[in-house]
Amino acid sequence: MGDILICENVSKEYRRGKEIIIAVKQCNLKIRQGEFVVIVGTSGSGKSSLLNVLSGLDRPTVGRVILDGLDTNIIEEDMFPKIRRERVGFVFQNFNLIDGLTAIENIESPMWPSDLSSKVIEERALKLLREIDLIERKDHLPKELSGGEQQRVAIARALINNPKVLFADEPTGNLDTKTGDDIVKLMKRLNKDEGVTIVVVTHDESLIKYADRTIRISDGRIQIQ
Amino acid sequence: MKFRIFWKTFTMARRSGKRFLVFVIIYAFLIATTAYFMQQAWLNPNTLFTWFTVLVVISAVILSSLYGFLISNYRKREIATLRTIGWDAGSIRLLFLSELILVFVSSFIIVLEVIFHVVAVTYWANPTSPPVALESVIINPVILIITVAIIIGCQIPGMLLGYWKILKIRPMEAMRKA
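Note that the structure is a prediction, hence the values are computed from the model and not measured. (Residues numbered from 1 in each chain as written. Chains lettered and ligands numbered in written order. Predicted model: local features only at pLDDT ≥ 70, side-chain atom pairs only at ≥ 80, totals over all residues. Heavy atoms only, no water.)

The next subject is the overall build of chain B. The secondary structure content of chain B amounts to six helices and zero strands. Ordering the α and β elements of chain B from the N terminus gives α-α-α-α-α-α. Overall, the C-alpha framework of chain B stretches about 65 × 35 × 30 Å when taken along its three principal axes. Counting across all 178 residues of chain B, residues that qualify as buried make up 46%. A separation of at least 24 residues holds for 82% of the contacts in chain B among residues at least 6 apart in sequence. As displayed, chain B offers around 9300 Å² of accessible surface, 76% of which is attributable to carbon and sulfur atoms. (Helix = DSSP H or I, 4+ residues; strand = E, 2+ residues; numbered from the N terminus. Buried < 20%, exposed > 50% of the residue type's maximum accessible area, 1.4 Å probe, protein only. Contact = heavy atoms within 4.5 Å. Areas by Shrake-Rupley, 256 points an atom, 1.4 Å probe, with all protein chains shown as cover.)

What follows is the structure, encoded as structure tokens:
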């Protein structure tokens, strides 16, 4: 399997008032297609900044990130929505489901701006709902779902576009241990069955056991790979 | 696909509950008062009604700007999330515009509905009165159309403010922890 994500000598700086904060320092990293990678670090270690840069949500200050063969430094800003829609998926700590949409509508939503017919989109969403075992809850609004169910819907939403890479930022952060464990198991199963590359950023050491590879980050630097 | 977003926005706005309802009622009140004052200013030129009309139009501009500001503020995370999952600027603008249209059309329907009921009740109370004599209680259709055009014009600053604020929301904001 080839490398789906290459990070070459990447640094990320932020300006906070007069102060310049270096969140990520000279990171080098390669992630192979189909890998399940867990990036572990304490709060403020720079793991979320690294995820933002790796996923193309933010551009590195120095260095370059090549995501599925595309250098995120040279991609036009207007092209990013299409890239996100077609190549990557995101799972958030707070689930970030749209309150006014039902479970199935939330799953379908990334595809609405696409040219695919509504029928095709609905079929894909229903297939995912079956996979995450929430078919009977498809017409429920997020407020009517438990935290674990909301995160499963968020995972299905991230997968509807058949992404090459799924980025998850603290996916178990707002869940109890048992539910969090179920969520990571679901992600692991999707990683095995669908072959989607998964990059999880977390401070939770218990997720390491599911990883093909663990990357430790501290003070903005990658310590162990 | 634009129609799909348009339609889904209607569903989302409808489900947003209080915010949607409050603005529909305020807009309905605004349309009715603008039309009423304009009609009175037309029937009685050089009276205070002309100034009332100007005042209501200024309120409409302020209100639409406030609405644009509130939508983009309340829905910051939602918009950031949509950007993260691949919605382009055009689709997000359409989402915002559709909600604005829905609020406006709903308020207009309410105003029409109220006018029809006022006419019906007035006739029921005084069946001998001819329709022309009702000018003081119903709003002339021409005035109503002019009012709609004015209120639509008043939406432009709010719409531009909303567009500007929405496009400033970066997808990274979706990653912010609550």
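Here we take up the confidence of the model for chain A. Confidence along chain A averages 91 in pLDDT terms, with 99% of residues attaining 70 or more. Per-element confidence in chain A ranges from a low mean pLDDT of 83 for strand 10 (residues 221–224) of chain A to a high of 96 for helix 3 (residues 103–108) of chain A. (pLDDT = per-residue confidence, 0-100.)

On to the sheet that holds strand 2 (residues 19–32) of chain A. Strand order in the open sheet formed by four strands is 2-1-4-5 (chain A), and the pairing between neighbours is antiparallel. Each of the sheet's edge strands pairs with one partner strand only, and the pair in question is strand 2 and strand 5 (70–71) of chain A. (Pairing = 2+ DSSP bridges.)

All names here are of chain A. Relative to strand 2, strand 1 (residues 3–16) is paired through ten bridges, and the arrangement is antiparallel. Among the inter-strand pairings, cysteine 7 is bridged to a residue of strand 2, identified as leucine 29. The antiparallel hairpin formed by strand 1 and strand 2 contains two residues in its connecting segment, where glycine 17 sits at a positive phi of about 65°. Sheet topology note: the strand 1/strand 4 (residues 62–67) ladder contains five bridges and is antiparallel. Bridge pairing in strand 4 places serine 11 opposite valine 62.

Residues and elements named next belong to chain B. On inspection of all chains with the given rule, the structure shows twelve aromatic pairs over all chains. With a centroid separation of 5.9 Å and 55° between ring planes, the pair formed by tyrosine 36 and phenylalanine 37 is classed as tilted. Given the relative accessible area of 18%, phenylalanine 37 is considered buried. A ring pair is formed by phenylalanine 49 and phenylalanine 52, whose centres lie 6.1 Å apart and whose planes are at 75°; its orientation type is edge-to-face. Of this pair, phenylalanine 49 and phenylalanine 52 both sit in helix 3 (residues 48–74), three residues apart, roughly one helical turn. An aromatic cluster is defined as three or more aromatic residues linked by ring pairs; in this entry it consists of Tyr36, Phe37, Phe49 and Phe52. Here arginine 93 stacks its cationic end above the ring of tyrosine 163, 5.7 Å away from the centre of that ring. (Phe/Tyr/Trp six-rings, centres within 6.5 Å; stacked < 30°, edge-to-face > 60°. Lys NZ or Arg CZ within 6 Å of the ring centre and 35° of its normal.)

With 25 residues of chain B at the contact, the number on the chain A side is 35 residues. Summing the contributions of chain B and of chain A, the shared interface buries around 2600 Å²; its carbon and sulfur component is 61%. Three residues stand out in chain B for area buried against chain A, namely Arg4(B), Ile85(B) and Met175(B), and they jointly supply 25% of the buried area on that side. At the boundary of chain B and chain A, one finds two salt bridges. (Buried area = accessible area lost by both parts, 1.4 Å probe. Salt bridge = Lys/Arg side-chain N within 4 Å of Asp/Glu carboxyl O.)

Turning our eyes to something else, we now look at a nonpolar patch on the surface. Residues and elements named next belong to chain B. A cluster of nonpolar side chains, contributed by Leu48, Trp51, Phe52, Val54, Leu55, Ile58 and Ile62, occupies part of the molecular surface with about 740 Å² of accessible area. Within the secondary structure, leucine 48 is located in helix 3. Classification of leucine 48 by relative accessible area gives exposed; the value is 58%. (Patch = residues over 30% accessible without salt bridge, like charges linked within 9 Å, V, L, I, M, F, W, Y side chains within 5 Å.)

Residue and element names in this part refer to chain B. At a closest axis distance of 11 Å, the pairing of helix 3 and helix 5 (residues 89–125) adopts a crossing angle of 130°. Taken together, the axis directions place helix 3 and helix 5 in an arrangement best described as oblique. At the point where helix 3 passes helix 5, the crossing takes the right-handed sense. Together, Tyr67, Gly68 and Ile71 of helix 3 and Phe96, Glu99, Leu100 and Val103 of helix 5 make up the contact between the two elements. Counted by class, the contact of helix 3 with helix 5 contains five nonpolar, one polar and one charged residues. (Axes fitted to C-alpha atoms, helices over the stretch in contact; angles between N-to-C directions. Parallel < 35°, antiparallel > 145°, perpendicular 65-115°, else oblique. Left-handed = near helix turned anticlockwise from the far one by under 90°. Nonpolar A, V, L, I, M, F, W, Y, C, P; charged D, E, K, R; others polar.)

All names here are of chain A. Applying the stated criterion across every chain yields a total of 23 salt bridges over all chains. Between arginine 87 and aspartate 68 there is a salt bridge whose closest N-O contact spans 3.0 Å. Of this pair, arginine 87 sits in helix 2 (residues 80–87) while aspartate 68 is found in the loop between strand 4 and strand 5, placing the two residues 19 residues apart along the sequence. Residue class for arginine 87 comes out partly exposed when judged on its relative accessible area of 25%. One connected set of salt bridges, linked through shared partners, spans Glu8, Arg64 and Asp71.

Here we come to the packing of helix 2 (residues 18–43) of chain B against helix 6 (residues 141–168) of chain B. All names here are of chain B. Helix 6 packs onto helix 2 with a crossing angle of 125° between their chain directions and a minimal axis gap of 9 Å. Overall, the two elements helix 2 and helix 6 adopt an arrangement that is oblique. By crossing handedness, the relation of helix 2 to helix 6 is classed as right-handed. Here Tyr27, Ile31, Thr34, Ala35, Met38, Gln39 and Trp42 of helix 2 come into contact with helix 6, specifically with Ile143, Leu144, Ile146, Thr147, Ile150, Ile151 and Gln155.

What follows concerns helix 4 (residues 76–84) of chain B. Residues and elements named next belong to chain B. Here helix 4 lies mainly inside the structure; seven of its nine residues are buried. Residues Glu78, Ile79, Ala80, Thr81, Leu82, Arg83 and Thr84 constitute the buried set of helix 4. Of the residues trailing helix 4, glycine 86 is marked for its positive phi of about 105°.

Turning our eyes to something else, we now look at unusual backbone geometry. One can expect most non-glycine residues to show negative phi and most peptide bonds to be in trans. Residues and elements named next belong to chain A. Even without being glycine, asparagine 162 reaches a positive phi, approximately 50°. Turning to its location among the elements, asparagine 162 is positioned in the loop between helix 5 (147–159) and strand 7 (165–169). Of the residues examined, asparagine 162 reaches a relative accessible area of 55% and is grouped as exposed. For glutamate 170, which is not glycine, the phi torsion reads 45° and is therefore positive. Of note, glutamate 170 is situated in the loop between strand 7 and helix 6 (177–194).

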